[in-house]
Amino acid sequence: MESTLALVKPHAFPRADEILSAITSAGFTITAKDVLSLNTTRAAAFYAAHPPPAGAGASSPPVPVADLIGALTAGPVMALVVSKAGGGVNDELASLAGPEDPATARTAAPGSLRARFGVDAAKNAVHVVAPGADAEAQVAFFFPERERELPSGAAAKEYLMGSVVPSLTKGLTELCRVAPADPLGWLSTFLGDAAREARGGDASADAEAEAAKGAEANGEAKKDKQKIVFVLGGPGSGKGTQCARLVEDFHFDHFSAGDLLRAEVKSGSSTGVEIDRMIANGEIVPGDITISLLANAISSSTAPGILIDGFPRKLDQAGAFEKDVSDFAFVLFFDCPEEVMEERLLKRGETSGRVDDNAESIRKRFDTFVKTSMPVIEYYEAKGKVRRVDATKTPDEVYAVVKGFF
Ligand SMILES: Nc1ncnc2c1ncn2[C@@H]1O[C@H](COP(=O)(O)OP(=O)(O)OP(=O)(O)O)[C@@H](O)[C@H]1O
Ligand SMILES: Nc1ccn([C@H]2C[C@H](O)[C@@H](COP(=O)(O)O)O2)c(=O)n1
């Protein structure tokens, strides 16, 4: 089975079902699918690593990369791994897509995807891998965790000796030295980091770094040099209190997802009305709203570290942030029983003015925390990324433990 990449571009996204059906009717199999949104940095990195073909057609001028980036970042993208038995999957899919420019496609290949769903040479419905280009690398850009076809014989030996044995030996040696409480989680994080480091020299990572430099020059902050820490814990566990101390001692920036959402409510925007209702009801606001508020807030930060308080509250928020905004260093988790948190919140409610510091909202918030947010902590705990603190002690005692993590 040979595989290649296809992207359904944002303007054609509403017609993704028809595009998928055209692809499968032509005898291809969709072996992986993801819906994502790309920011400018990531789209620029993609086109830098995988430059588009020279022109939309023999007689047409090349499409400016800025237009391609604009088209790819305008909304949701559907990324597909398209497979077919035998060879030539790239060329066959390129032929189903049709000429780059939909205007040309409509006369030269009227049944093609671009003829049917394209608008212009940038909004041309689908990105497919150009004949002769590196399909595997393009697939890996969007599906980095996907298993590749394993090498065999001498190639397998070379791969194992060169890539697997050195990091596994180092990982196992370190594992014995550190003796972590969760050895499997620890080793999985270690090997994941080693693999990412090894990929640091590949073409797409270089391109991404270059693109990020460009984005920085345009005022977009590059977050990978700043330590980002997710601060989690139940409502009233003391996240905000401890973050304030870290800001004072370490000059970090502190962004509270709850505060950003409350500011949105105050702004009087139409989204704000709905956010206010959800907060009072103890519900989680959709991740895309919170992530865009956070991404905007952290984009201008130049502090050595960034504390993201009260986020991610749901597993999908965690994945989306890591994918679209930034990696993070660890989760600082304040472990506190409900009775303690309830007492603190009712006391805070006497003066806070918060719509959710009342007995009924508190009960709903606890329920949401257990059902929706604890799985985030368990997920990262299994990866060895959680630093847990007993939050029942006095603020000074809690802080003595917290600052040891920085
Ligand atoms: N260790 C502590 N001991 C006693 N009271 C505390 C402690 N830490 C914080 N508090 C108090 O408990 C209340 C809740 O603390 P804080 O606002 O820091 O919690 P939070 O986790 O940020 O809450 P939320 O998620 O609801 O915003 C505050 O009134 C704070 O003064
Ligand atoms: N990632 C987030 C963070 C917060 N909210 C909403 C729901 C919470 O109950 C409320 C208050 O947050 P807090 O100040 O307690 O951190 O804000 C959310 O939906 N998603």
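Our structure is the block above this text.
Residues numbered from 1 in each chain as written. Chains lettered and ligands numbered in written order. Predicted model: local features only at pLDDT ≥ 70, side-chain atom pairs only at ≥ 80, totals over all residues. Heavy atoms only, no water.

The next thing to look at is the sheet that holds strand β7 (residues 305-309). Strand order in the open sheet made by the 5 strands is β6-β7-β5-β8-β9, with parallel pairing throughout. In the strand order of this sheet, the two ends are held by β6 (253-256) and β9 (386-390), each with one partner. Strand-to-strand twist across the sheet, computed as the mean angle between neighbouring axes with direction ignored, equals 20°. Strand direction decides the pairing type here: β6 and β7, joined by 4 bridges, are parallel. Paired with D253 across the bridge in β7 is I306. The strands touched by helix α12 (residues 257-266) are β6 and β7; relative to β6, the strand with the most contacts, the crossing angle is about 60°. (Pairing = 2+ DSSP bridges. Helix = DSSP H or I, 4+ residues; strand = E, 2+ residues; numbered from the N terminus. Axes fitted to C-alpha atoms, helices over the stretch in contact; angles between N-to-C directions. Contact = heavy atoms within 4.5 Å.)

Here we take up the site of ligand 2. Taken together, the neighbourhood of ligand 2 is formed by 16 residues, with R262, V285, G310, R313 and R354 sitting nearest. Here an oxygen atom of ligand 2 sits 2.9 Å away from a polar atom, N or O, in the side chain of R262. One nitrogen or oxygen atom from the side chain of R365 is found 3.4 Å from an oxygen atom belonging to ligand 2. When isolated, ligand 2 has an accessible area of 440 Å², and the protein chains bury 95% of it. Judged by the fraction of its atoms near the pocket grid, ligand 2 is located in the second largest pocket. Take the shell around ligand 2: its biggest share by element is 4 residues, from α12. Broken down by class, the residue content of the shell around ligand 2 amounts to 6 nonpolar, 4 polar and 6 charged. (Near = heavy atom within 4 Å. Polar contact = N/O pair within 3.5 Å; in protein donor to acceptor, adjacent residues only side chain to side chain. Areas by Shrake-Rupley, 256 points an atom, 1.4 Å probe, with all protein chains shown as cover. 1 Å grid on protein atoms, 1.4 Å probe; cavity = no way out; pocket = protein on both sides within 12 Å on 5 of 7 lines; lining within 4 Å. Sits in = over half its atoms within 2 Å of the grid points. Nonpolar A, V, L, I, M, F, W, Y, C, P; charged D, E, K, R; others polar.)

All right, on to the sheet that holds strand β3 (residues 77-84) then. If you walk across this open sheet you meet the 4 strands as β2-β3-β1-β4, and the pairing is antiparallel. In this open sheet, the two edge strands, each paired with only one partner strand, are β2 (29-36) and β4 (126-128). The mean angle between the axes of side-by-side strands here comes to 20°, regardless of whether they run parallel or antiparallel. Alignment of β2 against β3, held across 7 bridges, turns out to be antiparallel.

On to the pairing of β3. Taken across its 8 residues, β3 has 8 buried, putting it largely inside the fold. Of the two faces of β3, the one carrying V77, A79, V81 and S83 and the one carrying M78, L80, V82 and K84 are both buried. Sheet topology places strand β1 (residues 2-8) next to β3; 7 bridges connect them, and they run antiparallel. Pairing of L5 across the sheet is with V81, part of β3. (Buried < 20%, exposed > 50% of the residue type's maximum accessible area, 1.4 Å probe, protein only.)

According to the stated counting rule, one finds 18 salt bridges in the structure shown. A salt bridge links E18 to R15; the nearest nitrogen and oxygen atoms lie 2.8 Å apart. Measuring nitrogen to oxygen at the nearest pair gives 3.8 Å for the salt bridge that ties E100 to R114. Linking E100 in the loop between α4 (89-97) and α5 (102-108) with R114 in helix α6 (residues 113-117), this pair joins segments that are 14 residues apart in sequence. Taken together, the salt bridges that share partners define one network made up of R348, R354, D356, D357 and R365. (Salt bridge = Lys/Arg side-chain N within 4 Å of Asp/Glu carboxyl O.)

Attention shifts here to the layout of surface pockets. Estimated volume of the second largest pocket: approximately 830 Å³. Around the second largest pocket sit 43 residues that line it, and P235, K239, R313, R354 and R365 are the ones nearest its centre. For the lining of the second largest pocket, the secondary-structure elements that each account for two or more residues are α11 (239-250), β6, α12, α13 (270-280), α16 (338-352), α17 (359-382) and α18 (395-402). Here the lining of the second largest pocket gets 5 residues from one element, more than from any other, and that element is α12. Per-class residue counts for the lining of the second largest pocket are 13 nonpolar, 18 polar and 12 charged. (Points joined across faces, edges and corners; volume = space filled by probe spheres on them.)

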